[in-house]
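# Fold and contact review
Okay, here's what each chain looks like letter by letter:
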Amino acid sequence: MPGNGSGGTAVTRSTLRQQIADALRDEVLAGRLSPGQEFTVRQIADQYGVSATPVREALVDLSAQGLLDSDQHRGFKVHEFTVTDYRMMVEARALVVDGVFHHYERSGRREDGGPGPFDVQTLVSVRRRAEEAARAARAGDLDILIGYDLRFWRELSSAVANRYVSDFLHRLRVQAWVFAVPRLRSDPDPSPWLWSGHEKIVDAVTRGDAQGVRDEIVACNTHELAWADRLERRERRGRHGQEHQER
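On to the overall build of the protein chain, then. Counting its secondary structure elements, the protein chain contains nine helices and three strands. Along its sequence from the N terminus, the protein chain presents helices and strands in the succession α-β-α-α-β-β-α-α-α-α-α-α.

Attention now goes to the packing of aromatic side chains. Counted by the stated rule, this structure contains five aromatic pairs. A centroid spacing of 5.4 Å and a plane angle of 85° characterise the contact between Tyr86 and Trp227, whose relative ring orientation is edge-to-face. Taken together, the positions of Tyr86 in helix 4 (residues 83–107) and Trp227 in helix 9 (residues 210–246) put the pair 141 residues apart, joining distant regions of the chain. Taken as a pair, Tyr86 and Trp227 share a single burial class, namely buried. Pairwise contacts between aromatic rings join Tyr86, Phe179 and Trp227 into one cluster.

A few words on the pattern of salt bridges. Under the counting rule described, the total for this entry stands at 20 salt bridges. Glu224 is paired through a salt bridge with Arg93; the nearest N and O atoms lie 2.4 Å apart. One end of the pair, Glu224, is in helix 9; the other, Arg93, is in helix 4, and 131 residues separate them in sequence. Put simply, Asp143 and Arg185 hold a salt bridge, and the shortest N to O gap is 2.7 Å. Of the two residues, Asp143 is situated in helix 6 (residues 142–160) and Arg185 in helix 7 (residues 163–185); the sequence distance between them amounts to 42 residues. Relative accessible area serves as the criterion here: at 40%, Arg185 is assigned to the partly exposed category. Salt bridges linked by common partners bring Arg17, Glu57 and Asp61 together as one network.

All right, on to the environment of Val202 then. Inspection of the secondary structure assignment puts Val202 in helix 8 (residues 198–207). Residue Val202 is classed as buried on the basis of its relative accessible area, which comes to 1%. Put simply, Val202 and Val213 are 11 residues apart on the chain and 7.8 Å apart in space, counted from C-alpha to C-alpha. In contact with Val202, other than residues within four places in its own chain, are Val126, Arg127, Ala130 and Phe152.

Another point: the packing of helix 1 (residues 16–30) against helix 7. For the pair helix 1 and helix 7, interaxial distance at closest approach is 7 Å and the crossing angle is 40°. As summarised for this structure, helix 1 and helix 7 are arranged oblique, according to the angle between their axes. Note on element contacts: helix 7 touches helix 1 through Val174, Trp177, Val178, Val181 and Arg185, opposite Arg25, Val28, Leu29 and Ala30.

Right, let's get into the pairing of strand 2 (residues 68–71). Judged from the four bridges that link them, strand 2 and strand 3 (residues 75–78) form a sheet pairing that is antiparallel. The residue of strand 3 that forms the bridge with Asp69 is Lys77.

The antiparallel open sheet is built from three strands, whose spatial order is 1-3-2. Of all the strands in the sheet, just strand 1 (38–39) and strand 2 have a single pairing partner and so form its edges. Direction of pairing for strand 1 relative to strand 3: antiparallel, over a ladder of two bridges. Residue pairing in the sheet places Glu38 in a bridge with Lys77 of strand 3. Across the face of the sheet, helix 3 (residues 52–64) comes into contact with strand 1, strand 2 and strand 3 while running at roughly 120° to strand 2.

Counted at 1.5 Å a residue, the expected span for helix 6 with its 19 residues is 27 Å, and the 27 Å between its end C-alpha atoms agrees. Residues Leu142, Leu145, Ile146, Asp149, Leu150, Phe152, Trp153, Leu156, Ser157 and Val160 constitute the buried set of helix 6. On an axial view of helix 6, the arc spanned by its buried residues comes to 165°, and they lie on one face. N-cap assignment for helix 6: the residue whose side-chain oxygen lies 3.3 Å from the backbone N of Asp143 is Asp141.

For the protein chain, mean pLDDT is 86; residues scoring 70 or higher make up 85% of the total. Of the regions scoring below 50 in pLDDT, residues 4–14 engages in 13 contacts with residues more than four places distant in sequence or in other chains. Note on residues 109–115: pLDDT under 50 across the span, and 16 contacts to partners over four residues away in sequence or across chains.

Calculation criteria
- Residues numbered from 1 in each chain as written.
- Predicted model: local features only at pLDDT ≥ 70, side-chain atom pairs only at ≥ 80, totals over all residues.
- Heavy atoms only, no water.
- Helix = DSSP H or I, 4+ residues; strand = E, 2+ residues; numbered from the N terminus.
- Phe/Tyr/Trp six-rings, centres within 6.5 Å; stacked < 30°, edge-to-face > 60°.
- Buried < 20%, exposed > 50% of the residue type's maximum accessible area, 1.4 Å probe, protein only.
- Salt bridge = Lys/Arg side-chain N within 4 Å of Asp/Glu carboxyl O.
- Contact = heavy atoms within 4.5 Å.
- Axes fitted to C-alpha atoms, helices over the stretch in contact; angles between N-to-C directions.
- Parallel < 35°, antiparallel > 145°, perpendicular 65-115°, else oblique.
- Pairing = 2+ DSSP bridges.
- Expected span 1.5 Å × (residues − 1).
- Arc of directions from axis to C-beta.
- Polar contact = N/O pair within 3.5 Å; in protein donor to acceptor, adjacent residues only side chain to side chain.
- pLDDT = per-residue confidence, 0-100.

Below is the structure:
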């Protein structure tokens, strides 16, 4: 049964549907709702002290985002992503981002000398997210890293892509974190697998260096795919060990 993401305070404002969806998404991202964990609309409604209707709507929204699976008779459960799913997320993201930054590169510099579509205020905000995300990654602090990483990429993509592309990329990154969190938390030393190159991307953006931005994003994707390779090797060894025991 999930904990109350609002620290025990009932959700009472008018945007119940979105608040509940956000609270449950945070529970999943934090690993407090684990892959495969099941729950019903009534359980969530009782937990937050609200009616079933906004809860059902929120759970349907999260199902549409690929974070939950629904069953007419058993309720909902957290979706279980595989290593193959994760690899495809990274590859899909890479294909879309490459197109986005081709467009960014063609957009050139603004009349005021700024790099492409980024204004000073946006750059300051993105850099702040980058610094906090990189600091958390180096410290191995997943709880801090996830929030800042998601905000960093959200702001970055929103500045260079239309909202449909930005929403798609954000959804992929949320799904990737849902896959990664339980595995990283079970790793005795996850720090080497937490990418911390956010500031390098902002530096390249500040220079107006579209190729530099693309290179750093490729480095990020390469890092994540190397982690996927490691997971696959570990799972393969685990399967072989189990088969050996069963013989």
